[in-house]
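Fold and geometry: a report
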Amino acid sequence: MAARLIAKIIFTSGTVLVRSIQMAYKQALLQAESGMGAAAGSMDVKSRMSPLEAKKILGLENVEIVSKEDIDKKYNELLTINDPKDGGSEYLQIKISGAKHCLHSALKEGKKI
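Described in the following lines is the structure provided in the data block. Given the structure is predicted, the values throughout are model-derived calculations rather than measurements. (Residues numbered from 1 in each chain as written. Predicted model: local features only at pLDDT ≥ 70, side-chain atom pairs only at ≥ 80, totals over all residues. Heavy atoms only, no water.)

Describing the pattern of salt bridges
Applicable threshold: Put simply, a salt bridge is a Lys or Arg side-chain nitrogen that is within 4 Å of an Asp or Glu carboxyl oxygen. Secondary structure is summarised from DSSP: a helix means a run of H or I of at least four residues, a strand means a run of E of at least two, and numbering begins at the N terminus for each. Exposure categories follow from relative accessible area, calculated using a 1.4 Å probe and restricted to protein chains: below 20% of the type maximum is buried, above 50% is exposed, and the middle band is partly exposed.
For the coordinates displayed, the defined rule picks out four salt bridges. A salt bridge links Glu53 to Lys95; the nearest nitrogen and oxygen atoms lie 3.5 Å apart. Note that Glu53 is positioned in helix H3 (residues 51-58) and Lys95 in helix H5 (residues 90-108), a separation of 42 residues in sequence. Judged by relative accessible area, which is 33%, Glu53 ranks as partly exposed. Note that Lys68 and Asp72 form a salt bridge whose closest N and O atoms lie 3.1 Å from each other. Here Asp72 and Lys68 lie together in helix H4 (residues 68-81), a separation of four residues that amounts to about one turn. For Lys68, a relative accessible area of 44% translates into the label partly exposed.

The following block contains the structure:
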């Protein structure tokens, strides 16, 4: 009786695991086909990021008046440090890129940042 119960639990767990892997694979295929890769992640980050958060990400929160040159300098510095080829994080690179684009957009719109 106990062996039957254990077999049933293992079988049910295996079925659930296989189905979840199949669903994740299908979602990944759909995202790849629709072009929702890292670039889409970057767009998503910058659409929800505030200029204050962007300044913090780039390490410019203590700068009174932020210029385009300040943004570009910190962007290049942080992007180089977080290069995935050197053990950095692609996620952080996306956040850094989003911060740069957010601040550039704010400067173009004339917002005080």
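Describing the side chain of Gln93
Our working rule: In this description, contact between two residues means that some pair of their heavy atoms is separated by no more than 4.5 Å.
Tracing the backbone shows Gln93 in helix H5. When residues no more than four places from it in sequence are discounted, the contact partners of Gln93 are Leu79, Asn82, Asp83 and Pro84.

Comments concerning the environment of Ser97
Along the chain, Ser97 turns up in helix H5. According to the relative accessible area criterion, Ser97 is buried, its value standing at 14%. Put simply, Ser97 and Leu78 are 19 residues apart on the chain and 9.6 Å apart in space, counted from C-alpha to C-alpha.

A short note on the packing of aromatic side chains
For clarity, the threshold we go by: Under the pairing criterion, centres of Phe, Tyr and Trp rings, with the six-membered ring standing for Trp, must be within 6.5 Å; the plane angle then separates stacked pairs below 30 degrees from edge-to-face pairs above 60, leaving the rest tilted. Note on criteria: charge over ring means Lys NZ or Arg CZ within 6 Å of the ring centre, with the direction from the centre no more than 35 degrees off the ring normal.
Taken as a whole and assessed by the stated rule, the structure comprises zero aromatic pairs. Above the plane of the ring of Tyr75 lies Lys100, whose end atom (NZ or CZ) is 4.2 Å from the centre.

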